[in-house]
Amino acid sequence: MITEEELESLVGTLFPGGTYTPEPYVNWLTSDCVLAPELINAGVAHPLMIYMATQAGLGLSLEELFALFKGSSEDGPMLGEWGMEVYSAVQVGTSYTVSGAITGVLRKTGKKTGVFDIIQFELQLRATSDADNLVAVTRSSFIFPRRG
Amino acid sequence: MDVQVGTELPARVVQQVDIGEMKTMAALLRDPNPIHWDPESTRALGMGDRTVNQGPINMAYVMNMLLAWVGNEPTRLRAITLRFMANVFDGDRVLAGGRVTAVREVNGERLADCEVWLDVTGGMRALAGSATVALP
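Quick look at the structure, then. Since we're looking at a predicted model, the values are computed, not measured. (Residues numbered from 1 in each chain as written. Chains lettered and ligands numbered in written order. Predicted model: local features only at pLDDT ≥ 70, side-chain atom pairs only at ≥ 80, totals over all residues. Heavy atoms only, no water.)

1. Here's the deal with unusual backbone geometry
Put simply, the rule reads: Put simply, DSSP marks the helices as runs of H or I at least four residues long and the strands as runs of E at least two long, and each gets a number from the N terminus on. Burial classes: relative accessible area under 20% of the type maximum marks a residue as buried, over 50% as exposed, and values in between as partly exposed (1.4 Å probe, protein chains only).
You will see that Lys70(A), though not glycine, has its phi angle at about 55°, which is positive. Following the sequence through the fold, Lys70(A) ends up in the loop between α4 (62-68) and β2 (78-86). By relative accessible area, Lys70(A) is classed as exposed at 52%. With a phi close to 60°, Asn72(B) is a non-glycine residue in the positive phi region.

2. A few points about the sheet that holds strand β1 (residues 8-14) of chain B
Using the following cut-off: DSSP-based pairing: two strands are paired if at least 2 bridges between them are found. Here the axes come from fitting lines to C-alpha atoms, over the contacting stretch only for helices, and the angles between their N-to-C directions go from 0 to 180 degrees. Residues count as neighbours in contact if any of their non-hydrogen atoms are within 4.5 Å of one another.
Here we have 10 strands laid out as an open sheet, ordered β1(A)-β3(A)-β4(A)-β5(A)-β2(A)-β2(B)-β5(B)-β4(B)-β3(B)-β1(B), and antiparallel in their pairing. Of all strands in the sheet, those bounded by a partner on one side alone are β1 (18-20) of chain A together with β1 of chain B. Direction aside, the axes of adjacent strands within the sheet are offset by 20° on average. With 5 bridges connecting them, β2(A) and strand β2 (residues 77-84) of chain B associate as antiparallel partners. By the bridge assignment, Gly83(A) is partnered in β2(B) with Thr81(B). Sheet strands touched by helix α3 (residues 48-57) of chain A: β1, β2, β3 (96-110), β4 (114-127) and β5 (134-145) of chain A. Its angle to β1(A), the strand with the most contacts, is close to 145°.

3. A closer look at the pattern of salt bridges
Test applied: Salt bridges, as used here, are contacts in which a Lys or Arg side-chain nitrogen is within 4 Å of a carboxyl oxygen on Asp or Glu.
Going through the model one piece at a time under the given rule, you end up with 14 salt bridges over all chains. Here Glu40(B) makes a salt bridge to Arg43(B), at a shortest N to O gap of 2.5 Å. Taken as a pair, Glu40(B) and Arg43(B) lie in helix α2 (residues 39-44) at a separation of 3 residues, close to a single helical turn. Judged by relative accessible area, Arg43(B) falls into the partly exposed class, the value being 41%. Across the pair Arg99(B) and Glu115(B) runs a salt bridge whose closest N-O atoms are separated by 3.1 Å. Of this pair, Arg99(B) sits in strand β3 (residues 94-106) while Glu115(B) sits in strand β4 (residues 109-120), placing them 16 residues apart in sequence. Under the relative-accessibility criterion, Glu115(B) is labelled partly exposed at 31%. A network of salt bridges, in which partner residues are shared, links Glu85(A), Glu122(A) and Arg139(A).

4. Let's talk about the packing of aromatic side chains
All names here are of chain A. To keep things clear, this is the line we draw: Classification of ring pairs rests on two measures: the distance between centres of Phe, Tyr or Trp rings, Trp counted by its six-membered ring, which must be within 6.5 Å, and the angle between planes, read as stacked under 30 degrees, edge-to-face over 60 and tilted in between.
The final tally for this structure, using the stated rule, is 7 aromatic pairs over all chains. On the numbers, 5.6 Å between centres and 65° between planes, the contact of Tyr51 with Trp82 is edge-to-face. Residue Tyr51 is located in helix α3, and its partner Trp82 is located in strand β2; the two are separated by 31 residues in the primary sequence. Ring geometry for Phe66 against Phe144: centres 5.7 Å apart, planes inclined by 80°, an arrangement best described as edge-to-face. With Phe66 in helix α4 and Phe144 in strand β5, this pair connects stretches of sequence that are 78 residues apart. Like Phe144, Phe66 is buried. Following the ring pairs from residue to residue traces out a cluster consisting of Phe15, Phe66, Phe69, Phe121, Phe142 and Phe144.

Below you can see the structure in the form of structure tokens.
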């Protein structure tokens, strides 16, 4: 199991980052599979695309992200909390740049759950052509059960 | 739009969460966690034999509820924060709801802060949190 010291040393780690373009077919499928067909032709991306853009653009796959915390999808990591603030519309077909970092870690022990870690991180989304203006900020926490 | 503290948002119901949508979202998110698309996986983990709806899909149900209230304009959702409290499973009926907690004016625009939630019918509260929308 990753030690608390190792966990704490991850705070401040910058993600590799990257770019993401919400493609029309992805926005269509997203709006469709979250049962909001009325938003397919809204003219801007479904707000969930901000989650998708920041996850896809942080520069790590989900397994690589879990591995950063010495975990894997087999451990059953879960989202604990997710939030965003949106400053301007996310446009389908526009390239966005994602950056961010790990902002906090916490180890807890539950009577039923045993040891688990809460990992917090923040991601920023900017239009690639306009790096000075923030489009959205997301703040997430993942819960990592530590079995054994 | 007459909005004040205590105004209840029109609820949005998903009659039956479906594994087909989970599979699509797993591919879109490149999510390798099989609990979202393979009942054998949830069975092996002792979670029952129904797949688990992805958290982002559950979040979107709440977003959709908010946007329907303000005319289906995605740009009107200015902030949202959601805590994940319980799983939603294939076949569940869920209800997204909200209530206005504050109305304020910022830079000439009226904003409504809301308490929001996603409840599993006959089950637990799956999501709880807050959101801010710009009113028409």
